Amino acid sequence: MCVECGCGDPKIVPYDVHERLLAGNDRTARHNREHFRDHNVAAINLMGSPGAGKTAILEATARALGRTGASARVGVLTGDLATDNDANRLRAAGLVAETITTVNACHLDADMVHRGLHHLPWRTFDYLFIENVGNLVCPAVYDLGQDVNVVALSVTEGEDKPLKYPTMFHKADLVLITKIDLLPLLPDISLDVIEANLKCVMPVPRVMRVSARTGEGFDQWMTWLKERRHHSVPGHDAEVRTGVTA
Amino acid sequence: MHEYSLVQAMFDQMEGIVAAQHARSVRRVRVRIGSLAGVDPTLFRTAYEVFRIKTFCDEAPLEIQEDASDALMLEQLELEVA
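In this text, all values refer to a predicted model and were calculated from it rather than measured experimentally.

About the cut-offs
Residues numbered from 1 in each chain as written. Chains lettered and ligands numbered in written order. Predicted model: local features only at pLDDT ≥ 70, side-chain atom pairs only at ≥ 80, totals over all residues. Helix = DSSP H or I, 4+ residues; strand = E, 2+ residues; numbered from the N terminus. Buried ≥ 20, exposed ≤ 12 C-beta atoms within 10 Å, placed from the backbone. Contact = placed C-beta atoms within 7 Å. Pairing = 2+ DSSP bridges. Axes fitted to C-alpha atoms, helices over the stretch in contact; angles between N-to-C directions. Nonpolar A, V, L, I, M, F, W, Y, C, P; charged D, E, K, R; others polar. Parallel < 35°, antiparallel > 145°, perpendicular 65-115°, else oblique. Left-handed = near helix turned anticlockwise from the far one by under 90°. pLDDT = per-residue confidence, 0-100. Arc of directions from axis to C-beta.

**Comments concerning the overall build of chain A**
1) Next: Per the secondary structure count, chain A includes eight helices and eight strands.
2) Next: The buried share of chain A, reckoned over its 246 residues, is 45%.
3) Next: Taking all contacts inside chain A whose residues are at least 6 apart in sequence as the whole, residues at least 24 apart take part in 74%.

**Some points on the sheet that holds strand E4 (residues 96-101) of chain A**
Residues and elements named next belong to chain A.
1) Next: Here seven strands make up an open sheet; going across it, the order is E4-E3-E5-E2-E6-E7-E8 and the pairing parallel. Edge positions in the sheet fall to E4 and strand E8 (207-209), since each of these pairs with one other strand and no more. Recorded for the sheet is a direction-independent mean angle of 20 degrees between the axes of neighbouring strands.
2) Next: Summarising the sheet, strand E2 (residues 42-48) and strand E5 (residues 127-131) pair through five bridges and their orientation is parallel. Looking across to E5, one finds that Ala42 is bridged to Tyr127.
3) Next: Relative to the sheet, helix H2 (residues 54-68) contacts E2, strand E3 (74-80), E5, strand E6 (148-154) and strand E7 (174-178), its axis offset from that of E5 by approximately 160 degrees.

**Considering the interface of chain A and chain B**
1) Next: On the chain B side, the residues contacting the 26 residues of chain A number 28 residues.
2) Next: Breaking the side of chain A that touches chain B down by element, the ones donating at least two residues are strand E1 (11-20), helix H1 (23-38) and helix H6 (166-170) of chain A.
3) Next: Tallying contributions element by element places E1(A) first for the side of chain A that touches chain B, with ten residues.
4) Next: Of the residues assigned to the side of chain A that touches chain B, the class counts are 15 nonpolar, seven polar and four charged.

**Quick look at unusual backbone geometry**
1) Next: Phi angles above zero are rare outside glycine, and His18(A) is one such case at about 50 degrees.
2) Next: Tracing the sequence through the fold places His18(A) in strand E1.
3) Next: A positive phi angle is found at Lys54(B), which is not glycine, with a value near 60 degrees.
4) Next: Checked against the element boundaries, Lys54(B) lands in the loop between helix H2 (41-51) and strand E2 (62-67).

**A look at the sheet that holds strand E1 (residues 25-34) of chain B**
1) Next: In space, the four strands of this open sheet follow the order E1(A)-E3(B)-E1(B)-E2(B), with mixed pairing throughout. With one partner strand each, in any of the chains shown, E1 of chain A together with E2 of chain B form the two edges of the open sheet. Pairwise comparison of adjacent strand axes, ignoring direction, gives a mean angle of 15 degrees for this sheet.
2) Next: Judged from the six bridges that link them, E1(B) and E2(B) form a sheet pairing that is parallel. Bridging from a neighbouring strand, Val31(B) pairs with Ile64(B) of E2(B).
3) Next: The strands that helix H1 (residues 3-20) of chain B touches are E1 of chain A together with E1 and strand E3 (72-81) of chain B; relative to E3(B), the one it contacts most, it runs at about 40 degrees.
4) Next: Those strands touched by H2(B) are E1 and E2 of chain B, and its axis lies near 165 degrees from that of E2(B).

**Regarding the pairing of E3(B)**
Regular strands have side chains that alternate between both faces of the sheet.
1) Next: Bridge analysis of E1(A) against E3(B) gives eight bridges, and the strand direction is antiparallel. By the bridge assignment for E3(B), Pro14(A) is matched with Glu78(B).
2) Next: Pairing of E1(B) with E3(B), which is carried by eight bridges, proceeds in the antiparallel orientation. When the bridges of E3(B) are listed, Val31(B) appears paired with Leu74(B).

**Looking at the packing of H1(B) against H2(B)**
All names here are of chain B.
1) Next: In the contact formed by H1 and H2, the axes pass within 9 Å of each other and the chain directions differ by 55 degrees. The orientation of H1 relative to H2 falls into the category oblique. Handedness of the H1/H2 crossing: right-handed. Packed against H1, whose contacting residues are Glu3, Tyr4, Leu6, Val7 and Phe11, the element H2 presents Leu43, Phe44, Ala47, Tyr48 and Phe51 at the interface.
2) Next: Residues of the contact of H1 with H2, tallied by class, amount to nine nonpolar, no polar and one charged.

**Considering the confidence of the model for chain B**
1) Next: In this model, chain B carries an average pLDDT of 95, and 99% of its residues clear a pLDDT of 70 or more.
2) Next: Taken over the whole predicted complex, pTM reads 0.86, whereas the ipTM for its chain interfaces reads 0.94.

**Re the pairing of E6(A)**
Residue and element names in this part refer to chain A.
1) Next: Most of E6 sits inside the fold, with six of its seven residues counted as buried.
2) Next: Sheet topology note: the E6/E7 ladder contains five bridges and is parallel. Counted as the bridge partner of Val150 is Leu174 from E7.

**Focus on the confidence of the model for chain A**
1) Next: Chain-level pLDDT for chain A is 89 on average; 89% of the residues reach the 70-or-more range.
2) Next: Low pLDDT, under 50, characterises residues 232-246 of chain A; the stretch is placed with 20 contacts to residues that sit more than four places away or in other chains.

**Topic: helix H8 (residues 218-228) of chain A**
Residue and element names in this part refer to chain A.
1) Next: Taken together, the buried positions of H8 are Phe218, Trp221 and Leu225. End-on view of H8: buried residues confined to an arc of 55 degrees, all on one side of the axis. Among the exposed residues of H8, those oriented more than 90 degrees off its buried face are Thr223 and Glu227.
2) Next: Looking at the buried side of H8, the elements it contacts are H2, E5, E7 and E8.

This is the structure:
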């Protein structure tokens, strides 16, 4: 007790929190997830380095859906520090796309996605791709409310990226090894080594080899996407829709 | 460098606790960062040291417990109460 003035000594007390540091983000992510489930939207968080081919994959996905005559409606929220180049490319490919400009942030968070949704007719989508900021570190930390994480890894990035950035690949439900059409020019790159490295860090390794340029591997990718679709609405798959389709 | 965003989120979280507990200040911060959390503890500490200047954490050292999990937790605060 302070005897000088009788004000009382401050008391130091422990206060147990035991809460995730991103509890606020997690709450918004749960909210997003509920929205997606309620409206049967399969939300896919697409991550990867800058230049891994994320946008090209989505453009080629639009082409592949067009070829198969699938009725899926596809929308994209695309995050970049600056420019809306990706959204423009995706719109030119026939997709409904909106940019999230992050300015300085190296990742998307659940709140940015939530605000981005206000600019898209997302309730009508079968798939919502969230094309994250190109980065193999930060985006892996933030839950956005997605159903699945897909990571694009291009053959030009080197064989050991999964070992150097284990958290990102640990969280991936699927890894797309992209730009395989370039392999003839890369005699030192082995797909088997890349896949072996992925198996070291992915709890359940799921890997596909694709080329957005030639369409190689896209049959498998389209099948995987079809399996992600929500089936809670009877006849959802069979429904043929027109309008803004991919 | 998402460590700055994480520390910002932690300060928002702590601000709510300080207000709810009518605390004068925070005197110690304990967090747990797993090696699979995708967070660099050194960068996290640097960000914390920048953020805490002239805040309710001015006198609160940061303790980081590291483990092999993917945990990213605010575990405990020591609060100065009247």
